[in-house]
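# Chains, contacts and geometry: an overview
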Amino acid sequence: MYNLRIGQGYDVHRLVPERKLILGGVEISYSMGLLGHSDADVLTHSIIDALLGAADLGDIGSHFPDTDPQYENISSMILLEKVFDMLVEKNIMVLNVDSTIIAQEPKLSQYIPKIKANLYKILRCPVSVKATTEEGLGFTGKKEGISAIASILIHMN
């Protein structure tokens, strides 16, 4: 019998000047970056929440609160490694990641192979990363922020 579970994650951050734009641990060349306590990597945050949700382990804020100074400006890839280690300790295997970044700008297609490789190094499973716009609608369409969604399939032993 298979003990498969699905997790879903969502994150959003506001675009601001004088911040680096980091997605999936990759620095993206753009005039603005995402505002947040950590590096504000919305893609990685959505994947972390999906992993935690699938394993019924809470959410990113319960493990890495934005009130804790140790997480200020931390790379979200480090947080992803910590969550992955939690899952390994519980004998949980990540089987698949499917994710989408929603951003009017910048265009991300040239960065996606590197983003996928970064995520694969940690998660060691098939990783799909897509990017789309909202055709000028909503806060992402107005270039006010970037959001990301992720779905995860895990196997719990």
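Note that the coordinates shown come from a computational prediction; the quantities given were computed from them, not determined experimentally.

## Some words on the overall build of the protein
Counting its secondary structure elements, the protein contains 5 helices and 7 strands. In sequence order, the secondary structure elements of the protein are arranged as β-β-β-β-α-α-α-β-α-β-α-β. Compactness check: the protein gives a C-alpha radius of gyration of 15 Å against a globular reference of 15 Å for 157 residues, within 12% of the reference. Dimensions of the protein, computed from the C-alpha atoms along their principal axes, are close to 50 × 35 × 25 Å. Within the protein, buried positions represent 48% of all 157 residues. Accessible surface for the protein amounts to roughly 8100 Å². Of this, 51% is attributable to carbon and sulfur atoms.

## A few points about the side chain of histidine 45
Structurally, histidine 45 can be placed in helix α1 (residues 42–54). The buried category is assigned to histidine 45, whose relative accessible area is 8%. In terms of polar contacts, histidine 45 uses its side chain to reach the side chain of aspartate 11, at 3.0 Å. Setting aside residues no more than four positions away along its own chain, histidine 45 makes contact with Asp11, His13, Ser38, Asp39, Ala40, Ile60 and Ser76.

## What about the pairing of strand β7 (residues 145–156)?
The element β7 is extensively covered by neighbouring structure, given that 9 of its 12 residues are classed as buried. Here strand β1 (residues 4–17) runs beside β7; their pairing, made up of 11 bridges, is antiparallel. Note that in β7 the partner of arginine 5 across the bridge is isoleucine 154.

## Describing the nonpolar core
Formed by 48 residues in total, the largest nonpolar core has its most connected members in Leu23, Ile47, Leu51, Val94, Leu119 and Leu123. The dominant element in this core, judged by the number of residues it contributes, is α1, at 8 residues. The residues touching leucine 119, leaving out its near neighbours within four places in the chain, are Leu43, Thr44, Ile47, Met77, Leu80, Arg124, Val127 and Val129.

## Considering α1
Taking 1.5 Å of rise per residue, the 13 residues of α1 would be expected to cover 18 Å, and the 18 Å separating its terminal C-alpha atoms lies within 8% of that figure. α1 sits mainly inside the fold: 12 of its 13 residues count as buried. Buried within α1 we find Val42, Leu43, Thr44, His45, Ser46, Ile47, Ile48, Asp49, Ala50, Leu51, Leu52 and Ala54. Trailing α1 by a residue or two, aspartate 56 shows a phi angle of about 55°, which is positive.

## A few points about the sheet that holds β1
In a beta sheet, neighbouring strands are held together by backbone hydrogen bonds and run either parallel or antiparallel to one another. Spatially, the 5 strands line up as an open sheet ordered β4-β1-β7-β5-β6, and their pairing is mixed. Each end of this open sheet is capped by a strand with a single partner; those strands are β4 (32–34) and β6 (127–132). Direction aside, the axes of adjacent strands within the sheet are offset by 20° on average. Where β1 lies against β4, 3 bridges are found, and the strand directions are antiparallel. Note on β4: the bridge partner recorded for leucine 15 is leucine 34. Across the face of the sheet, α1 comes into contact with β1, β4, β5 (92–102), β6 and β7 while running at roughly 155° to β1.

## Re a nonpolar patch on the surface
A cluster of nonpolar side chains, namely Tyr10, Val12, Phe139 and Ile149, defines an oily patch on the protein surface of about 310 Å² accessible area. Tracing the chain through its elements places isoleucine 149 in strand β7.

## Focus on the packing of α1 against helix α3 (residues 76–89)
With their axes 10 Å apart at the nearest point, α1 and α3 run at an angle of 15° to one another. Relative to α3, α1 is oriented roughly parallel. Pair α1 / α3 crosses with left-handed handedness. Of α3, the residues touching α1 (which contributes Thr44, His45, Ile47, Ile48, Leu51 and Leu52) are Ser76, Met77, Leu79, Leu80, Val83, Met86 and Leu87. Considered class by class, the residues forming the contact of α1 with α3 number 10 nonpolar, 3 polar and no charged.

Reading the values: the criteria
For every chain, the first residue of its written sequence is number 1, and the numbers climb from 1 along that sequence. The predicted origin of the model limits local features to residues at a pLDDT of at least 70 and limits the giving and counting of side-chain atom pairs to 80 or more, whereas totals for whole chains, interfaces and linings rest on all residues. Side-chain descriptors were evaluated using all non-hydrogen atoms of the structure, hydrogens and water having been removed beforehand. Helix and strand assignments follow DSSP, with helices taken as H or I runs no shorter than four residues and strands as E runs no shorter than two, numbered in order from the N terminus. Computation of the radius of gyration draws on C-alpha atoms, with the globule rule given as 2.2 Å multiplied by the number of residues to the power 0.38. The cut-offs for exposure are 20% and 50% of the maximum accessible area for each residue type, with area from a 1.4 Å probe on protein chains only; residues under the lower value are buried, those over the upper are exposed, and the others partly exposed. In short, Shrake-Rupley with a 1.4 Å probe defines the accessible areas, and a residue's cover is counted only from the protein chains shown. Counting of polar contacts relies on pairs of N or O atoms within 3.5 Å, with two restrictions inside protein: one atom must be capable of donating a hydrogen and the other of accepting it, and residues adjacent in sequence are counted only when both atoms are side-chain atoms. Here, two residues are considered to be in contact whenever any of their heavy atoms come within 4.5 Å of each other. If DSSP finds at least two bridges between two strands, the strands pair. Among buried residues, those of type Ala, Val, Leu, Ile, Met, Phe, Trp, Tyr and Cys that are joined through side-chain atoms within 4.5 Å constitute a nonpolar core. Any helix carries an expected span of 1.5 Å times its number of residues minus one. Axes, fitted as lines to C-alpha atoms, cover a helix only where it is in contact. Angles between the N-to-C directions of the axes lie from 0 to 180 degrees. Only residues whose relative accessible area exceeds 30% and that take part in no salt bridge are eligible for patches, with like-charged residues grouped when within 9 Å of each other and nonpolar side chains (Val, Leu, Ile, Met, Phe, Trp, Tyr) grouped when within 5 Å. Any carboxyl oxygen of Asp or Glu that lies within 4 Å of a side-chain nitrogen of Lys or Arg is treated as forming a salt bridge with it. Geometric relationships in this document are graded by angle, where less than 35 degrees denotes roughly parallel, more than 145 denotes roughly antiparallel, 65 to 115 denotes roughly perpendicular, and other angles denote oblique. Two helices cross in a left-handed way if the nearer one is turned anticlockwise from the farther one by less than a right angle. They cross in a right-handed way if the turn is clockwise. All amino acids are sorted into three groups, where Ala, Val, Leu, Ile, Met, Phe, Trp, Tyr, Cys and Pro are nonpolar, Asp, Glu, Lys and Arg are charged, and the leftover types, Gly among them, are polar.

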